[in-house]
Amino acid sequence: MKRKGIHKPTVEDAIEISGIEILHPGGYELTKRTAEFCELKEGMRILDVSSGRGTQAIYYAETFGVDVTGIDISDKMVETATKKTTERGLSEKVRFIKGDSQDLPFKDNTFDVVINECAVGIPDDSQKVLNEMLRVVKQNGAVAIHESVWKKPISGAKKEEISERYGTTPLELTKWVEMLEIAGAVNIISESEKWSEPEMFWNIRKDRKVKNHKSVMSIGEKLTTAFRVLKNYGFDGVKKVFENEKFFFQAVLSGVLGYALFKGVKQTDR
Ligand SMILES: C[S@@+](CC[C@H](N)C(=O)[O-])C[C@H]1O[C@@H](n2cnc3c(N)ncnc32)[C@H](O)[C@@H]1O
């Protein structure tokens, strides 16, 4: 859903600029559950759409012996993910390319499983992203998405403000299901309560348990992020990030904003 970009740099912009390795609520726990949901097995071909720093793609390949292609619109993300893959000696099994999730550069029915963790709501046309994911997955193959959802009824104006400040567009859980169906998915299942617990929004670090939303980043990481935001958006940008973050965590702590993990299967007769 197209946003106006009136509260940039958004929470999403700040997280991406920060350099931290996992860019979605739920951290590794969510990634592990996504793999279980999709029943990853050795030898499968996986597409990780909006692969970020490659953390999930590498985890899938190392843990399940699958072959992973990651695609992301950001040169910097692709570069970082490729570097990490090379360092871990995984270049034969994992690769990253630059591309737009709304127009995937792959033939129909190419992958056994297609995953998108936390990035269907970011581009202007989320329906196109889902259509593309379903197009490139093989018949009977699984598609999984992890997306932000509204957990309580709020006004349209509030929804718009949270979306603008967050930098992604949450929807009602039923709306995501409807869009997956339009894209051609059947047998859709979802989990939301666990992935909406406030702790999921901050306990995302690979190497340590994070106790509250104020300590997701170390002091050094906070300073680096503030410096990068300053360089890219100026002093007003730094102020805006703090304002957006406060607003965002109010939505999380009041139970308005949550997440859900969805899985569907490609219908065989399309
Ligand atoms: C919230 S991060 C998620 C990254 C990764 N899936 C993870 O969970 O760590 C969103 C990612 O989506 C990418 N992205 C945004 N718009 C995109 C688009 N239209 N096509 C492909 N990737 C996109 C960003 O560059 C960023 O890496």
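Everything here concerns the structure above.
**Focus on the site of the ligand**
No. 1: Lining the immediate environment of the ligand, one finds 22 residues, of which Leu23, His24, Ser50, Gly52 and Ser101 sit closest.
No. 2: Classifying every residue of the shell around the ligand gives 8 nonpolar, 9 polar and 5 charged.

**Some words on the pairing of strand β1 (residues 45-49)**
No. 1: Taken across its 5 residues, β1 has 4 buried, putting it largely inside the fold.
No. 2: Where β1 lies against strand β2 (residues 67-72), 5 bridges are found, and the strand directions are parallel. Note on β2: the bridge partner recorded for Asp48 is Gly70.
No. 3: In the sheet, β1 pairs with strand β4 (residues 111-117) via 3 bridges, with the strands oriented parallel. The residue bridging Leu47 from the neighbouring strand is Val114, located in β4.

**A closer look at the pairing of β2**
No. 1: Considered for its hand, the β-α-β crossover made up of β1, helix α3 (residues 55-64) and β2 is right-handed.
No. 2: You can see the chain leave β2, run along helix α4 (residues 75-87) and come back into strand β3 (residues 94-98), and the turn it takes is right-handed.

**A few points about the nonpolar core**
No. 1: If you look at the biggest cluster of nonpolar residues, it comprises 67 residues, and the most contacted ones within it are Ile46, Val113, Val114 and Met133.
No. 2: It is strand β5 (residues 137-150) that provides the largest number of residues to this core, a total of 6 residues.
No. 3: Beyond its immediate stretch of four places on either side in the chain, Met133 contacts Val49, Val114, Asn116, Val143 and Ala183.

**Quick notes on the environment of Val120**
No. 1: Along the polypeptide, Val120 turns up in the loop between β4 and α5 (126-136).
No. 2: Considered as a pair, Val120 and Ser101 are 19 residues apart in the sequence and their alpha carbons are 8.2 Å apart.
No. 3: Setting aside residues up to four positions removed in sequence, Val120 forms contacts with Ser126, Val129, Leu130, Ile145 and Glu147.

**Remarks on the sheet that holds strand β6 (residues 185-191)**
No. 1: The 7 strands are arranged β3-β2-β1-β4-β5-β7-β6 in an open sheet whose pairing can be described as mixed. Both outer strands of the open sheet, β3 and β6, are each paired with one neighbouring strand and no more. Across the sheet, the mean angle from the axis of one strand to that of its neighbour is 20 degrees, orientation sign disregarded.
No. 2: Bridge count between β2 and β3: 5 bridges; the pairing is parallel.

**Here's the deal with the packing of α5 against helix α7 (residues 173-183)**
No. 1: α7 packs onto α5 with a crossing angle of 45 degrees between their chain directions and a minimal axis gap of 8 Å. Viewed along their axes, α5 and α7 adopt a mutual orientation that is oblique. Here α5 and α7 pass one another in a crossing that is right-handed. Between α5 and α7, the contacting residues are Ser126, Gln127, Leu130, Asn131, Met133 and Leu134 on the first element and Met179, Leu180, Ile182 and Ala183 on the second.
No. 2: A per-class count over the contact of α5 with α7 returns 7 nonpolar, 3 polar and no charged.

**Observations concerning helix α2 (residues 27-37)**
No. 1: Listing the buried residues of α2 in full gives Leu30, Thr31, Thr34 and Ala35. An end-on view of α2 places all buried positions within 140 degrees of arc, on one side of the element.
No. 2: Tucked into the core, α2 has its buried residues touching α3, β4, β5 and β7 (257-266).
No. 3: Looking one or two residues beyond α2, the residue adopting positive phi is Glu39, at roughly 50 degrees.

**Overview of the packing of helix α1 (residues 11-18) against helix α8 (residues 219-253)**
What describes two packed helices is the angle between their axes and the distance between those same axes.
No. 1: Where α1 meets α8, the closest approach of the two axes is 9 Å, and the angle between their N-to-C directions is 145 degrees. Of the two possible hands of crossing, α1 and α8 adopt the one that is left-handed. From α1, Val11, Ala14, Ile17 and Ser18 reach across to α8, where they touch Glu221, Thr225, Arg228, Val229, Asn232, Val241, Asn244, Glu245 and Phe248.
No. 2: Broken down by class, the residue content of the contact of α1 with α8 amounts to 6 nonpolar, 4 polar and 3 charged.

Parameters and conventions
Residues numbered from 1 in each chain as written. Predicted model: local features only at pLDDT ≥ 70, side-chain atom pairs only at ≥ 80, totals over all residues. Near = placed C-beta within 6 Å. Nonpolar A, V, L, I, M, F, W, Y, C, P; charged D, E, K, R; others polar. Buried ≥ 20, exposed ≤ 12 C-beta atoms within 10 Å, placed from the backbone. Helix = DSSP H or I, 4+ residues; strand = E, 2+ residues; numbered from the N terminus. Pairing = 2+ DSSP bridges. Right-handed = clockwise from strand over helix to strand, strands pointing away. Core = buried A, V, L, I, M, F, W, Y, C linked by C-beta atoms within 7 Å. Contact = placed C-beta atoms within 7 Å. Axes fitted to C-alpha atoms, helices over the stretch in contact; angles between N-to-C directions. Parallel < 35°, antiparallel > 145°, perpendicular 65-115°, else oblique. Left-handed = near helix turned anticlockwise from the far one by under 90°. Arc of directions from axis to C-beta.

Honestly, that's just the spatial picture; any functional story needs more than this.
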